[in-house]
Amino acid sequence: MAAASENDLMSKIVSLCKRRGFVFQSSEIYGGLRSAYDYGPMGAELKRNLMAEWWRAMVHSREDIVGIDASIIMHPEVWRASGHLAGFSDPLVDCKVCGERFRADKAPRLAAGEPAPITLADKGRAKAAQDRVQSVLGVELRRDGATLHGAVGAACGYLCPNCGSPFLSDERQFNLMFRTSLGPVDPIGDIVSVVKQSLAEGTSDGELRSRVEAAVKESSVYLRPETAQAMFVNFLNVQQSLSMKIPFGIAQMGKSFRNEVTVEHFIFRSCEFEQMELEYFVEPGAGPRTLEYWKEERMRWWQSIGLRGDNLRLRAHEADELAHYSDGCWDVEYKFPWGWDELEGIASRTDYDLKAHSAGSGKKLHYFDPEATDPETGKKGWRYLPHVVEPASGATRGVLAVLCDAYDEEPADAEGKGARTVLRLHPRLAPIKAAILPLVKKDGMPEVGRRIVERFMAAGVNAKYDEQHSIGRRYARHDEIGTPYCLTVDTETLSDDTVTIRHRDDRRQERIRVDEAVDVVLAALRG
């Protein structure tokens, strides 16, 4: 990139997203809601195009993969069997200085006894924090402007990620699933009755919590924290209804919800997000080689939609990162402005998931291959629990990666002209494929422009008619939203039925016939 450095790239992207209608803060007129975002007209198109490309590559271009669209709310026993109810939690810590609540496992590390300067937003907050630490914790700190000195790293080995304080609460487990109730009866009445009875009986806090849990259990359901489990519980439905033969895959895209403690980096990590996941079922023992195939295939796909190869890498999980049931996992990482971070995970999950749901439901989720030889008996006909390889990517993270990769700034020329901001989106991802621009709003040019737009729409190409502001400002506007082609209707159009097509990336212009315009753009989109 010519002008934008990595340090300020995120702030420029956030500004562009709001200015050009990609992403807005949710409920902004009410002060916004932390970790919630709305996709505007351009953002909705970009995300939809990204997910459509994934679906086309994974489902429509293959015979061995089919798709489903499962319910967001599932039977709560699904989450008990999968381990989410018992283990889908994070260690939660509160900072005693600034009040920040964060995940202990994601906090910056500092050895016990090492100096730990605490930095607040301004001198006033620093003075208040200094007094609070001295009065509540009995620790005297020295203040230098907005920074407090004299604290040292605690035995826990980590600090507050917001202010750097080592003065922290004990860790508590925090469940990441959103719980709600299903049914016409409000469980709050039952909770009130339980609390009244327990207070009258003088029960302990632990017993009270158990009683409340029992009172709400019958109506409790959860918003799914991932799309994967629906593909496991529908394994037999899909396999038998379509007579699928292993190896085969089930794909799903959709919303998931996690009550994240730490939300960061704009849309990278939020409480509501969209996933694109595949569960690819193979025979026992085939997981490792299938994992090798999918990690290379997924890297190739991310590059095929425009991400630069030097901004992508594959990282193998270390032994201490692997789940106990996994025999291999790789992350596709992207070089975001803050550093390398996960874009997609590809994991070999063995038979853990189908085995867990077989046990939880009491239903056999085996696959029978009449042609294969059973390795235990040596006889023809093999019944087994399939193993699975899971490429799981985030659509919202993908949108952010695409925006980061496409954002560019071109400097002005020697005369101080020509500076611009441009999104070099892959044409198939661009929200608008072609903009039709009449040079002026008279002399029949608008009528010709609208007829051209109608031809694009009839061909299934998202094109927009735009007559507001000067032609230069319109070019700049469409450069910023990533429109790959602008077609200008001018006086020459009226005499020879040609238009000027402007190419976004190099600003090259050429004349083409009006009746060729749709085919020219379609050819570029297919290429």
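Nothing here was measured: the structure is a model prediction, and the numbers come from that model. (Residues numbered from 1 in each chain as written. Predicted model: local features only at pLDDT ≥ 70, side-chain atom pairs only at ≥ 80, totals over all residues. Heavy atoms only, no water.)

Visitor: How do you make sense of the overall build of the protein when you look at a structure like this?
Guide: Within the protein one finds 16 helices and 27 strands. Seen through its C-alpha atoms, the protein measures out along the principal axes to roughly 90 × 80 × 45 Å. The burial tally for the protein puts 50% of its 527 residues in the buried class. Considering only contacts within the protein whose residues lie at least 6 apart along the sequence, 66% involve residues at least 24 apart. (Helix = DSSP H or I, 4+ residues; strand = E, 2+ residues; numbered from the N terminus. Buried < 20%, exposed > 50% of the residue type's maximum accessible area, 1.4 Å probe, protein only. Contact = heavy atoms within 4.5 Å.)

Visitor: Looking at this structure, how should I read the sheet that holds strand β17 (residues 339-348)?
Guide: Strand pairing within a sheet occurs via backbone hydrogen bonds; the two strands may be parallel or antiparallel. With mixed pairing, seven strands are arranged side by side in an open sheet as β3-β13-β14-β20-β17-β16-β15. Sheet topology places β3 (65-67) and β15 (312-316) at the edges, where each strand pairs with a single neighbour. Strand after strand, the sheet turns through a mean of 25 degrees between neighbouring axes, direction not considered. For strand β13 (residues 248-257) and strand β14 (residues 272-282), the ladder comprises 10 bridges, and the chain directions are antiparallel. Residue pairing across strands places M253 opposite M276, the latter belonging to β14. Across the sheet, helix α9 (residues 235-242) lies against β3, β13 and β14, angled at about 140 degrees from β13, the strand it touches most. The strands touched by helix α10 (residues 287-304) are β3, β14, β15, β16 (328-336), β17 and β20 (387-394); relative to β17, the strand with the most contacts, the crossing angle is about 140 degrees. (Pairing = 2+ DSSP bridges. Axes fitted to C-alpha atoms, helices over the stretch in contact; angles between N-to-C directions.)

Visitor: I'm lost on the nonpolar core in this one. Help?
Guide: General note: in soluble globular proteins, nonpolar side chains tend to be found buried as a group. Counting residues in hydrophobic clusters, the biggest one holds 53 residues, and the most contacted among them are F22 and W302. Elements supplying a minimum of two residues to this core: α1 (6-19), α2 (41-60), β14, α10, β16, β17 and α12 (395-406). Counting residues in hydrophobic clusters, the runner-up holds 29 residues, among them I68, W79, I250 and Y384. (Core = buried A, V, L, I, M, F, W, Y, C linked by side-chain atoms within 4.5 Å.)

Visitor: Is there a simple way to explain the packing of aromatic side chains in this structure?
Guide: Each aromatic ring pair is specified by the distance between its two centres and by the angle formed by the two planes. Scanning the entire structure with this criterion turns up 17 aromatic pairs. Judged by centre distance (5.0 Å) and plane angle (75 degrees), the ring pair of Y293 and W294 falls under edge-to-face. Judged by its relative accessible area of 0%, W294 falls in the buried class. Residues W301 and W302 carry aromatic rings whose centres are separated by 4.8 Å and whose planes lie at 70 degrees to one another, so their mutual orientation is edge-to-face. The exposure class assigned to W302 is buried, which follows from its relative accessible area of 0%. Put simply, the rings of F232, F235, F248 and F281 touch in pairs and so form one group of aromatic residues. The ring of W330 has K295 lying over it, and the distance from NZ or CZ to the ring centre is 4.3 Å. (Phe/Tyr/Trp six-rings, centres within 6.5 Å; stacked < 30°, edge-to-face > 60°. Lys NZ or Arg CZ within 6 Å of the ring centre and 35° of its normal.)

Visitor: Explanation requested: the pattern of salt bridges in the structure shown.
Guide: Close approach of charged atoms lets side chains of opposite charge pair. With the rule as written, the count across this model stands at 44 salt bridges. Here R19 and E480 are joined by a salt bridge, their closest N and O atoms 3.2 Å apart. Of this pair, R19 sits in helix α1 while E480 sits in helix α14 (residues 471-481), and the two are 461 residues apart along the sequence. Its relative accessible area of 44% is what places R19 among the partly exposed residues. Linking R508 and E510 is a salt bridge whose minimum nitrogen-to-oxygen distance equals 3.2 Å. The class for R508 is partly exposed, based on a relative accessible area of 41%. One network of salt bridges, in which partners are shared, links D408, E410, R420, R424, D479, R502, R504, D505 and R507. (Salt bridge = Lys/Arg side-chain N within 4 Å of Asp/Glu carboxyl O.)

Visitor: Honestly, the environment of S169 in this entry has me stumped. Any pointers?
Guide: For S169, the location among the structural elements is in the loop between β9 (147-149) and β10 (172-175). Here the alpha-carbon distance between S169 and A230, two residues 61 residues apart in the chain, equals 37 Å. For S169, the contacting residues outside a window of four places in its chain are V93, D94 and K96.

Visitor: Sorry if this is basic, but what is going on with the confidence of the model for the protein here?
Guide: Interpreting fine coordinate detail is not advised for predicted regions of low pLDDT. Per-residue confidence for the protein averages 91 on the pLDDT scale, and 97% of its residues sit at or above 70. Looking at the elements of the protein, mean pLDDT is at its lowest for β10, recorded as 73, and at its highest for β3, recorded as 98. (pLDDT = per-residue confidence, 0-100.)

Visitor: For this particular structure, what's the right way to read the pairing of strand β26 (residues 498-503)?
Guide: Moving residue by residue along a regular strand, the side chains alternate between the two faces of the sheet. Extensive coverage of β26 is indicated by the burial of six of its six residues. Taking every second residue as pointing to the same face, both faces of β26 are buried, with T498, T500 and R502 on one and V499, I501 and H503 on the other. Where strand β25 (residues 485-489) meets β26, four bridges bridge the pair, whose relative direction is antiparallel. Across the sheet, the residue bridging to T488 is T500, located in β26. The pairing of β26 with strand β27 (residues 509-513) spans five bridges and is antiparallel.

Visitor: I would appreciate a short explanation of the packing of α2 against α10 in the present structure.
Guide: Relative placement of two packed helices is described by the angle separating their axes and the distance separating the axes. α10 packs onto α2 with a crossing angle of 140 degrees between their chain directions and a minimal axis gap of 12 Å. With respect to each other, α2 and α10 are oriented oblique. The interaxial crossing formed by α2 with α10 has right-handed handedness. Every residue of α10 that contacts α2 at L50, E53, W54, A57 and M58 is listed here: W294, R298, W301 and W302. Considered class by class, the residues forming the contact of α2 with α10 number seven nonpolar, no polar and two charged. (Parallel < 35°, antiparallel > 145°, perpendicular 65-115°, else oblique. Left-handed = near helix turned anticlockwise from the far one by under 90°. Nonpolar A, V, L, I, M, F, W, Y, C, P; charged D, E, K, R; others polar.)

Visitor: Hey, could you run me through unusual backbone geometry in this one?
Guide: Trans peptide bonds make up most of the peptide bonds, and negative phi angles are found at most residues other than glycine. I246 connects to P247 through a cis peptide bond whose omega is 5 degrees. Within the fold, P247 resides in the loop between α9 and β13. In this model, S27 sits at a positive phi of 55 degrees, which is unusual for a non-glycine residue. Position of S27 among the secondary structure elements: in the loop between β1 (23-25) and β2 (37-39). Relative accessible area serves as the criterion here: at 37%, S27 is assigned to the partly exposed category. Positive phi, close to 60 degrees, is recorded for D497, a residue that is not glycine. Turning to its location among the elements, D497 is positioned in the loop between α15 (491-496) and β26. On the basis of relative accessibility, which here comes to 35%, the residue D497 falls in the partly exposed class.

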